[in-house]
Amino acid sequence: MPELPEVETIARGLQKRVAGDAIESIWLGSKPQTMKSPPAEIARTLEHTRIRDVHRMGKHIVFELERNSLGRKPSPAKSRKKAVVLGPRSQWIVHLGMTGRMVVCKSDEPLEKHTHAVAKLASGRELRFVDPRRFGRLSVATQGDFEAGGVEPLEIDRQPFLNLFHGRNTPIKSALLNQKLLRGVGNIYADEALFRAGIRPTRRLLTVPRAKLELLRSAIRDVLKEAIKLGGSSISDYVDADGVEGFFQLQHRVYGREGEPCLVCKTPIKRVVIGGRSSHYCPNCQK
Ligand SMILES: [Zn+2]
C-alpha cells in the first residue's frame, strides 16, 4: 500500500505532468465502490476544468481544479445552475488504496483492465485511474474545501505534537497509525520511526517521557523526508510504467526484518501484532 512518501512522489509527478492541462470530459466505470462521490457529481465537477495544481494531503492526491470558459458553452439556464452548484473552484480527490494507480498516457493507448476512470485532457493525453483490487476511492469537493483530517506529520511543531500524543492510554504504534491524529503515517514508516527514536511499538503513550516523544517527532520527519527523496529519484518512470512497485527504496532497519540481526546491536528483530498490524522492533535498542 502506498504510504505518505509514495503518494507525495506520485502527486509531485502528476503536478509536473498535468498541471495547467484541462479536463475536457470524463468516463467512469461501473464499479460503485470506487466512487465515493456520486458518479454524476464526479463527472459534472471534473469536466471543463483546468488543473491548477496537484498536491498531497495525508495519503490523498488532490487535484485543484479551476472552472473557466473551457469546453462547449452550456445553455444559459444550465450554466446558471452550474455556477450555483459548483463555484469557480473544486477538487478531485484520489485515494490509491492498495493497488490504485494514476496513469498519464496518449489517448490511443489500449485501456488497461481494471481502469475505473478516464479523464480526457485538452493536450490530447488521458489521465486514467487503474485499480485491480478496488480499495482506491475517487471523490470530489465541489467548493474546494476537502478536509483530510489529522495533522501533516511533516508540518507539525513540537508542542502540538506533544499535545496530540502525550498521556494517551494506547500503544504508541496504534496512535501513530490513527489517521485522525497524524495523517499519512503507515505501518512501515511508523516502525522505522519508532526504531530510530528507541521506543518499543507496544509501549503505552502514558509511559513515554516528553523527551522521547520529541525524538519520535524528529524521527518521523527524517524517515519520511528520506523516503520522499528516494522516491523522488524514480519520479520519471512511475506513472507510465508499473506504478507503485519500486518505490520502497528506503533502507528498512526493522520493517520486514523479523529474525534478522539489528543493524545497531545484532539482536534479532522481533515481530508482534498490535491492533491487527505487524510491528517490527529491536528488543534491545527499543525500550
Ligand atoms: Zn538493536
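Quick caveat: nothing in here was measured; it's all calculated off a predicted structure.

**With respect to the overall build of the protein**
Alright, step 1. Each helix and strand counted, the protein has 7 helices and 10 strands in total.
Alright, step 2. By the burial criterion, 49% of the 287 residues in the protein qualify as buried.
Alright, step 3. Within the protein, counting contacts between residues at least 6 apart in sequence, those at least 24 apart form 68% of the total.

**A few points about the coordination of the zinc ion**
Six octahedrally arranged donors around a metal ideally form angles of 90 or 180 degrees; four tetrahedrally arranged donors ideally form angles of 109.5 degrees.
Alright, step 1. Here the zinc ion is held by the protein donor atoms Cys262 (SG), Cys265 (SG), Cys282 (SG) and Cys285 (SG), which lie 2.2 to 2.4 Å from it.
Alright, step 2. Because the angles between the 4 donor atoms bound to the zinc ion fall within 101 to 113 degrees, the donor set is best described as tetrahedral.
Alright, step 3. Each donor residue of the zinc ion lies on the same chain, and together they follow the pattern C-x2-C-x16-C-x2-C. Taken together, the residues span a long stretch of sequence, with Cys265 in the loop between helix H7 (210-232) and strand E9 (270-274) and Cys285 in the segment after strand E10 (277-281) at a distance of 20 residues.
Alright, step 4. Judged by its relative accessible area of 25%, Cys285 falls in the partly exposed class.

**A short note on the packing of aromatic side chains**
Alright, step 1. Considering all chains together, one arrives at 2 aromatic pairs under this definition.
Alright, step 2. Here the aromatic rings of Phe161 and Phe165 are separated by 4.8 Å at their centres, their planes lie at 40 degrees, and the arrangement is tilted. Here Phe161 pairs with Phe165, and both are found in helix H4 (residues 158-165), just 4 residues apart, close to one helical turn.
Alright, step 3. The buried category is assigned to Phe161, whose relative accessible area is 1%.

**Some remarks on the nonpolar core**
Alright, step 1. The biggest cluster of nonpolar side chains holds 31 residues, and the ones touching the most others in it are Phe165, Leu182, Leu213, Leu216 and Ile220.
Alright, step 2. Elements with a contribution of two residues or more to this core: H4, helix H5 (172-177), helix H6 (187-197) and H7.
Alright, step 3. Of all the elements, H7 adds the most residues to this core, at 8 residues.
Alright, step 4. Not counting the four nearest positions on each side in its chain, Phe165 is found in contact with Ala175, Leu176, Leu181, Leu182, Leu205 and Leu213.

**Notes on the sheet that holds strand E3 (residues 60-67)**
Alright, step 1. An order of E5-E7-E6-E1-E2-E3-E4-E8 is seen for the 8 strands of this open sheet, with the pairing classed as antiparallel. Of all strands in the sheet, those bounded by a partner on one side alone are strand E5 (101-106) and strand E8 (137-141). Strand-to-strand twist across the sheet, computed as the mean angle between neighbouring axes with direction ignored, equals 30 degrees.
Alright, step 2. With 7 bridges joining them, E3 and strand E4 (residues 89-95) adopt antiparallel strand pairing. Paired with His60 across the two strands is His95, which belongs to E4.
Alright, step 3. Contacts from helix H1 (residues 4-18) reach strand E2 (49-57), E3, E5, strand E6 (115-121) and strand E7 (125-130) within the one sheet, and its direction differs from that of E2 by about 160 degrees.

Rules behind the numbers
- Residues numbered from 1 in each chain as written.
- Predicted model: local features only at pLDDT ≥ 70, side-chain atom pairs only at ≥ 80, totals over all residues.
- Heavy atoms only, no water.
- Helix = DSSP H or I, 4+ residues; strand = E, 2+ residues; numbered from the N terminus.
- Buried < 20%, exposed > 50% of the residue type's maximum accessible area, 1.4 Å probe, protein only.
- Contact = heavy atoms within 4.5 Å.
- Donors = N, O, S within 2.8 Å, 3.2 Å for Na, K, Ca; no water.
- Tetrahedral: all angles 85-135°; square planar, octahedral: opposite > 155°, others 65-115°.
- Phe/Tyr/Trp six-rings, centres within 6.5 Å; stacked < 30°, edge-to-face > 60°.
- Core = buried A, V, L, I, M, F, W, Y, C linked by side-chain atoms within 4.5 Å.
- Pairing = 2+ DSSP bridges.
- Axes fitted to C-alpha atoms, helices over the stretch in contact; angles between N-to-C directions.

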